[in-house]
Amino acid sequence: QGAERIARLAAAEGVARMVHISAIGANKNGDTLYAKSKGLGEEGVLQHMPNAVILRPSVVFGPEDSFFNRFAGMTRLSPILSIVGAETRFQPVFVDDVAAAAELGATGTARPGVYELGGPDVATFRELMQAMLEVIERRRLIVNLPFGIARFMAWWFDIWQSLSGGLIKAPLTVDQVKSLANDNVVSNDAIGFEALGIEPRSMGAILPSYLWRFRVSGQYAAIKASAKNLRT
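Remember, predicted model here, so these are calculated numbers, not experimental data.

*Asks:* Tell me about unusual backbone geometry, and please be specific about residues and values.
*Replies:* Negative phi values dominate among residues other than glycine, just as trans dominates among peptide bonds. If you check the backbone angles, Glu137 has positive phi at about 55° while not being a glycine. Structurally, Glu137 can be placed in the loop between helix 5 (125–136) and strand 9 (141–145).

In structure tokens:
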């Protein structure tokens, strides 16, 4: 409803262009609340701003992301890294590339329409965690929770969150478990970065620039590794 409200007020005020950030998998008839809310948000925007530019990114990564930072932080607490949907595929996209696409839409350079945005790397959830572990130079056992067990745990987490009035945030929800059963990659027939003239950057080029703080030696990891090669 928030997206629809913004579009309605923007149209009433004579705003010429609108860029709406949605997500890959948006579908008002989808099987998750997340997909439905994104789909209904897009529908509401187009109802009032039919020439809007809608961006559907995959998982967005960058210095303040809640994806790689979250799981990297978990490695500080346990030798085991538990995930759900280890074989589900993602196409992480750098936040600055999404911002560049949004700028083209806001300035009228990009044509109205829906753009699905994914980076150059397509990888499973497990592979993403392995890549993250390599960057932070830690060894952890990646354990995939079966969907059945994950749904049961998420069901209890949802109950705790409801009983606490939202004070206790569920670390995993039933809707998230459902979402993790579906690949989050750009569709074969989708319009994307190429149509915008943007070459998306890879995870390998960006992750080390901000995940270094999760290394055991932090910013001094490279120096200590180099020092080991010194001969007395």
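*Asks:* Describe the packing of aromatic side chains, naming the residues involved and giving the relevant values.
*Replies:* On inspection of all chains with the given rule, the structure shows twelve aromatic pairs. Taking 4.9 Å as the distance between ring centres and 80° as the angle between the ring planes, the aromatic pair formed by Phe67 and Phe68 counts as edge-to-face. Each member of the pair Phe67 and Phe68 is classed as buried. The structure contains a cluster of three or more aromatic residues connected by ring pairs, namely Phe61, Phe67, Phe68, Phe71, Phe90, Phe94 and Phe125.

*Asks:* Quick one: what's the story with the layout of surface pockets, residue by residue and with numbers?
*Replies:* A water-sized probe rolled over the atoms picks out the places where empty space is left. In this model, the largest pocket occupies a volume close to 1300 Å³. Considering the residues around the largest pocket, the lining is formed by 46 residues, among which Val59, Phe67, Phe90, Gln176 and Leu180 are closest to the centre. Residue assignment for the lining of the largest pocket shows that the elements contributing at least two residues are helix 2 (33–48), strand 2 (53–57), strand 3 (60–61), helix 3 (68–74), strand 4 (80–84), helix 6 (147–163) and helix 7 (174–179).

*Asks:* Can you lay out the sheet that holds strand 7 (residues 113–117) for me, pointing to particular residues and giving the numbers?
*Replies:* Taking strand neighbours across the sheet as the criterion, the three strands line up as 1-2-7 in an open arrangement whose pairing is parallel. Where the open sheet ends on each side, the last strands, each with one partner, are strand 1 (19–21) and strand 7. Averaged over all pairs of adjacent strands, the angle between their axes in this sheet comes to 20°, without regard to strand direction. Judged from the three bridges that link them, strand 1 and strand 2 form a sheet pairing that is parallel.

Rules used throughout
- Residues numbered from 1 in each chain as written.
- Predicted model: local features only at pLDDT ≥ 70, side-chain atom pairs only at ≥ 80, totals over all residues.
- Heavy atoms only, no water.
- Helix = DSSP H or I, 4+ residues; strand = E, 2+ residues; numbered from the N terminus.
- Phe/Tyr/Trp six-rings, centres within 6.5 Å; stacked < 30°, edge-to-face > 60°.
- Buried < 20%, exposed > 50% of the residue type's maximum accessible area, 1.4 Å probe, protein only.
- 1 Å grid on protein atoms, 1.4 Å probe; cavity = no way out; pocket = protein on both sides within 12 Å on 5 of 7 lines; lining within 4 Å.
- Points joined across faces, edges and corners; volume = space filled by probe spheres on them.
- Pairing = 2+ DSSP bridges.
- Axes fitted to C-alpha atoms, helices over the stretch in contact; angles between N-to-C directions.

Bear in mind that shape data such as this cannot, by itself, settle questions of function.
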